[in-house]
Amino acid sequence: MKYIHQFLIIMLISFVGELLSFLPLPIPASVYGLLIMLVGLYTKMIPLSAIEDVADWLILIMPVLFVPSAVGLMNVKEELFENIAVIMIVLVISTVIVMVVTGKVAQYMIERKNINE
Amino acid sequence: MNNLLIETSCFGIVLSLLTYWLAVQIRKRWSYSLLNPLLISAFLTIFVLYVLDIDFQTYNQGAQMITYLLTPSTVCLAIPLYKQTQVLVKHFGAIIVSLLCGCLSGLMSVMVLCILLKTSETVLYSLMPKSITTAIAIGVSELLGGHSTMTVGVVILTGIFGSMIAKTIFKVFHINHPVARGLALGNSAHAIGTAKAIEWGEIEAAMSSLSIVISGIFTVFLAPMMIRLWI
């Protein structure tokens, strides 16, 4: 029963997220759901123990859940392949920039704070 | 083959899990970061579909059931975030500023590169939201006038590429604080980066999850604004 109840809570929140995603905002169901879950946890309306086992499992299998979407790339080939060289150049350079800038700024600010303390 | 399998619902799930399991075994045997399990798994799956002449729809009939689980799985990312509240509060300033700088530099670099390479405006608009989670990216792309299927492809490729290079980038640029690593992964490679961050630790996972939400919101506002200012 424990697992059914945990799964129920998680699916219920996901369902409410899906309903909210019909609002005319570019926010997906999963982000609404994540925020609802966070509020539930902070207000103690949802104790951690009421969802933890099933949630851990769902988080751990997350990487494999992207496989069908990645396989779906075989369907968009026309639009993508026409411009593939240019797209890859932009994608590679820009992704490196975002990663380095975010990481470096965060690292610098954390280190500076640690020194000041 | 197609006619036989079109009646089944588990084929797509079995193929996805099997190729991912194989990809993880390959990764264990030769640990190059180029051997990204998601990339290998997708390649193997496409190869099998191609050889057996099965179309994507037949595969996806079952496989979409694992895709459905992405929503509840993302909802559960609230848990590492909740557990790391102290870290979040302590580094709040650094989190917001670094995510904002990352988003701005990402959007700006896409614009500058697209102008330099003289791409069509559709390509530019489709590439702008490449570092945010798929569902938000589609919204932004359509809002700007991009091509939503191209955006989906670019978002997934960005996620895979970001997860592949993260380890090397962090080494080369001396990014070693778990908070900084989590933010960098989530901000550049969204949920696929977060799936990678989960392997590294709870702080990384929490910060990466947070990045998905915050950078998504930043991009929704910043992308249309920057397009209006520059073009």
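Parameters and conventions
Residue indices begin from 1 for each chain and proceed along its sequence in written order. All chains are assigned letters beginning at A, and all ligands numbers beginning at 1, according to the order in which they are written. Restriction of local features to residues with pLDDT of at least 70 applies here, the model being predicted, together with a cutoff of 80 or more for giving and counting side-chain atom pairs; totals for whole chains, interfaces and linings are based on all residues. Working definition: helices are DSSP H or I runs of at least four residues, strands are E runs of at least two. Numbering for both runs from the N terminus. As a reference, a globule follows 2.2 Å times the number of residues to the power 0.38, and the radius of gyration itself is taken over C-alpha atoms. Put simply, a residue is buried when 20 or more other C-beta atoms lie within 10 Å of its own C-beta and exposed when 12 or fewer do; between those, it is partly exposed, and each C-beta is set from the backbone. Any two residues are considered in contact once their C-beta atoms, placed from the backbone, lie within 7 Å. Under the scheme applied, nonpolar residues are Ala, Val, Leu, Ile, Met, Phe, Trp, Tyr, Cys and Pro; charged residues are Asp, Glu, Lys and Arg; polar residues are all the others, including Gly. The source of the domain bounds is an automatic or database domain assignment. What a helix should span is 1.5 Å times the count of its residues minus one. UniProt positions are given in the numbering used here, feature names are shortened, and annotations may be inferred rather than shown by experiment. Axis definition: a line fitted to C-alpha atoms, over the contacting stretch in the case of helices. Angles run 0 to 180 degrees between N-to-C directions. The cut-offs work like this: below 35 degrees is roughly parallel, past 145 is roughly antiparallel, 65 to 115 is roughly perpendicular, and the gaps in between are oblique. For any helix crossing, the convention is left-handed if the near helix is rotated counterclockwise from the far helix by under a right angle, and right-handed if that rotation is clockwise. Here, the arc refers to the directions that run from the helix axis to the C-beta atoms.

Trainee: Can you lay out the overall build of chain B for me, pointing to particular residues and giving the numbers?
Mentor: Assigned secondary structure in chain B consists of 13 helices and zero strands. Overall, chain B shows an N-to-C arrangement of helices and strands of α-α-α-α-α-α-α-α-α-α-α-α-α. Against the 2.2 N^0.38 benchmark of 17 Å for 231 residues, chain B shows a C-alpha radius of gyration of 19 Å, consistent with a compact globule. With respect to the principal axes defined by its C-alpha atoms, chain B has extents near 55 × 40 × 30 Å. Sorting the 231 residues of chain B into buried and exposed places 53% on the buried side.

Trainee: Which residues make up the interface of chain A and chain B, and what are the values?
Mentor: Tallying the contact residues gives 60 residues for chain A and 88 residues for chain B. Looking at the side of chain A that touches chain B, the elements with two or more residues in it are α1 (2-20), α2 (29-42), α3 (52-60), α4 (62-65), α5 (67-71), α6 (77-82) and α7 (84-116) of chain A. With 23 residues, the top contributor of residues to the side of chain A that touches chain B is α7(A). Along the lines of polarity and charge, the residues of the side of chain A that touches chain B split into 45 nonpolar, 13 polar and two charged.

Trainee: Hey, could you go over the domain arrangement of chain A for me, with residue numbers and the actual values?
Mentor: In terms of domains, chain A is made up of domain 1 (1-65) and domain 2 (75-117). When each unit is reduced to the centre of its C-alpha atoms, the spacing between domain 1 of chain A and domain 2 of chain A is 29 Å.

Trainee: An account of helix α2 (residues 11-29) of chain B is needed here, citing residue identities and associated values.
Mentor: Here α2(B) is 19 residues long and its end C-alpha atoms lie 27 Å apart, about the 27 Å a rise of 1.5 Å per residue gives. Here the buried face of α2(B) lies against α4 and α5 of chain A together with α3 (37-51) and α4 (56-68) of chain B.

Trainee: Account for unusual backbone geometry, with residues named and values stated.
Mentor: Note on backbone geometry: most residues besides glycine have negative phi, and most peptide bonds are trans. Residue and element names in this part refer to chain B. Positive phi, close to 55°, is recorded for Asp 53, a residue that is not glycine. For Asp 53, the location among the structural elements is in the loop between α3 and α4. Classification of Asp 53 as exposed rests on a count of 8 C-beta atoms within 10 Å. With a phi close to 55°, Lys 118 is a non-glycine residue in the positive phi region. Tracing the backbone through its elements, the reader meets Lys 118 in the loop between α8 (92-116) and α9 (121-127).

Trainee: Quick one: what's the story with the domain arrangement of chain B, residue by residue and with numbers?
Mentor: The parts lose accessible area when they come together, and the size of an interface is often stated as this lost area. Residue and element names in this part refer to chain B. Domain parsing of chain B yields domain 1 (2-68) and domain 2 (78-230). The centre of domain 1, based on its C-alpha atoms, is set 26 Å off from the matching centre of domain 2. At the interface, five residues of domain 1 touch six residues of domain 2. Within the side of domain 1 that touches domain 2, the residues separate by chemical class into three nonpolar, two polar and no charged.

Trainee: Residue-level account of the UniProt feature "transmembrane region" (unreviewed entry) in chain B, with values.
Mentor: Residues and elements named next belong to chain B. On the UniProt side, "transmembrane region" (unreviewed entry) is annotated at positions that read residues 6-23, 30-51, 63-82, 94-117, 151-170 and 210-230 here. Across residues 151-170, helical content stands at 100% and strand content at 0%; the span's end C-alpha atoms are separated by 27 Å. Counted over residues 210-230, helix gives 100% and strand 0%. Its end C-alpha atoms are 29 Å apart.

Trainee: Account for the packing of helix α10 (residues 134-144) of chain B against helix α13 (residues 202-230) of chain B, with residues named and values stated.
Mentor: All names here are of chain B. Look at α10 against α13: their axes get within 10 Å of each other, and the N-to-C directions meet at 15°. Viewed along their axes, α10 and α13 adopt a mutual orientation that is roughly parallel. Here α10 and α13 pass one another in a crossing that is right-handed. Taken together, the residues of α13 that come into contact with α10 (itself represented by Ile 136, Val 140, Leu 143 and Leu 144) are Gly 216, Thr 219, Val 220, Ala 223, Pro 224 and Ile 227. When the residues that make up the contact of α10 with α13 are grouped by side-chain class, the tally is eight nonpolar, two polar and no charged.

Trainee: An account of α3(B) is requested, with residue identities and associated values reported.
Mentor: The end-to-end C-alpha separation of α3(B) is 21 Å, in line with the 21 Å expected for 15 residues at 1.5 Å each. Within α3(B) the residues assigned to the buried category are Pro37(B), Leu38(B), Ser41(B), Ala42(B), Leu44(B), Thr45(B) and Leu49(B). Buried residues along α3(B) cover an arc of 165° about the axis, so they all sit on one side. Seen from the buried face of α3(B), the exposed residues on the opposite side, beyond 90 degrees, are Phe47(B), Tyr50(B) and Val51(B). Against α4 and α5 of chain A together with α2, α4, α11 (148-172) and α12 (178-200) of chain B lie the buried residues of α3(B). Backbone geometry just downstream of α3(B) places Asp53(B) in the positive-phi region, at approximately 55°.

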